[in-house]
Structure formats: structure tokens, C-alpha cells
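Listed here are the chains, written in short residue letters.
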Amino acid sequence: MIARLSGKLIEKQPGQIVIDVGGVGYLVSIPLSAYYDLGEEGDDVSLHIYTHVKEDTLSLFGFANSKEKSLFQLLIQISGIGPKLGITILSGLPAEDLARAVTQEDLVRLTGIPGIGKKTAERIVLEIKEKMSRLLPELEAAP
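Rules used throughout
- Residues numbered from 1 in each chain as written.
- Predicted model: local features only at pLDDT ≥ 70, side-chain atom pairs only at ≥ 80, totals over all residues.
- Heavy atoms only, no water.
- Core = buried A, V, L, I, M, F, W, Y, C linked by side-chain atoms within 4.5 Å.
- Buried < 20%, exposed > 50% of the residue type's maximum accessible area, 1.4 Å probe, protein only.
- Helix = DSSP H or I, 4+ residues; strand = E, 2+ residues; numbered from the N terminus.
- Contact = heavy atoms within 4.5 Å.
- Salt bridge = Lys/Arg side-chain N within 4 Å of Asp/Glu carboxyl O.

Engineer: In this structure, what is going on with the nonpolar core? I would like to understand it.
Structural biologist: Nonpolar side chains in soluble globular proteins tend to end up buried together. Core analysis: the biggest nonpolar cluster contains 28 residues, and F72, L75, I89, L98, L110 and I124 have the highest contact counts within it. Elements represented by at least two residues in this core include exactly β5 (58–63), α2 (66–76), α3 (83–92), α4 (95–103) and α6 (118–141). With near-sequence residues (within four places) excluded, I124 lies in contact with I78, I81, I89, V102, I116 and K129. Core analysis: the next-biggest nonpolar cluster, separate from the first, contains 13 residues, L9, I19, A34 and L38 among them.

Engineer: Sorry if this is basic, but what is going on with α4 here?
Structural biologist: Side chains that are three or four residues apart share a direction in an α-helix, a result of its 3.6 residues per turn. Turning to α4, its buried residues are A95, L98, A99, A101, V102 and T103. A positive phi of about 55° marks E105, the residue just after α4.

Engineer: Before we go on, may I ask you to explain the pattern of salt bridges in this structure?
Structural biologist: When the charged atoms of two side chains lie near each other, side chains of opposite charge can form a pair. By the definition in use, this model includes six salt bridges. Ionic pairing is found between R100 and D97, a salt bridge with its closest N-O pair at 3.3 Å. Residue R100 and its partner D97 are located together in helix α4, separated by three residues, close to a single helical turn. Residue class for R100 comes out partly exposed when judged on its relative accessible area of 23%. Across the salt bridge formed by E122 and K118, the nearest N and O atoms sit 3.9 Å from each other. Of the two residues, E122 and K118 both sit in helix α6, four residues apart, roughly one turn of that helix. In this structure, a network of salt bridges that share partners links the residues E96, D97, R100 and R109.

Next up, the structure:
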């Protein structure tokens, strides 16, 4: 399982990047927050990676920090939320704002994220509110 990638940023576009690590280019899906935190093409980068394996696909999802990765892992445990929607959710709200919206049961804020309807927002709150309330102080304390 790939947990971290460090190398040279070869290509960068919203939603995905290519990192060259030892001559191998890895395509990594990223939330917009990570996109904005990365430097320019040619810069050295390092990302926390979630490796998603299905029968016919191996996909890499990258995050600027371990807290964002942990939040992503909480999201994809929810029924009906896969890795692509998890990235979309993290792109729709910064990690701290998302945690606050979940703990405050702010369905309006959650349904404002593309791809999230009322039922999905309710399921997010129901399934991870307690875990999110424990994670929120850590997110708020992050630099």
C-alpha cells in the first residue's frame, strides 16, 4: 500500500496531479485544498496518500496533511460515499469548515457541496458527527 509520495511535480491541474518519483509518474487525485497548497510544476512535493484498490483499478488520492487524509477516510466509510465523492466533499469545504458543519448539523452548508443532496448530508451527520466532534479541535489547532 502506498502511504506517502515525495517527488517532483510534473503536471498540475485542479483535481489531479502527476508526481515523478524515481522516474515513475504517479497520477494522484487531490482535493482543491491540496492543489492550492502545492507549488508549481517542477517543484518538489510530498503528499499523504490513500490507496484505493478495486477489482480493475488502483487509484491514489493525495492530501496535504494527515488530518485531511483522516477526514477523507471517515467520509468514505459512509454508505454511498466513495473516494471520488470524498475528494469532491473536501474540495467543497475546507477540512475545518466541513468538521464544523457536520458537528453543528448544518445541512444547508453540506448540501451546498456539488453531489451532496439532503439524504447524503443527513447520512454524513448521522454516521460521523461523534467522530467529527473529536477531530474538530485538532483541525482548529492545525497551522
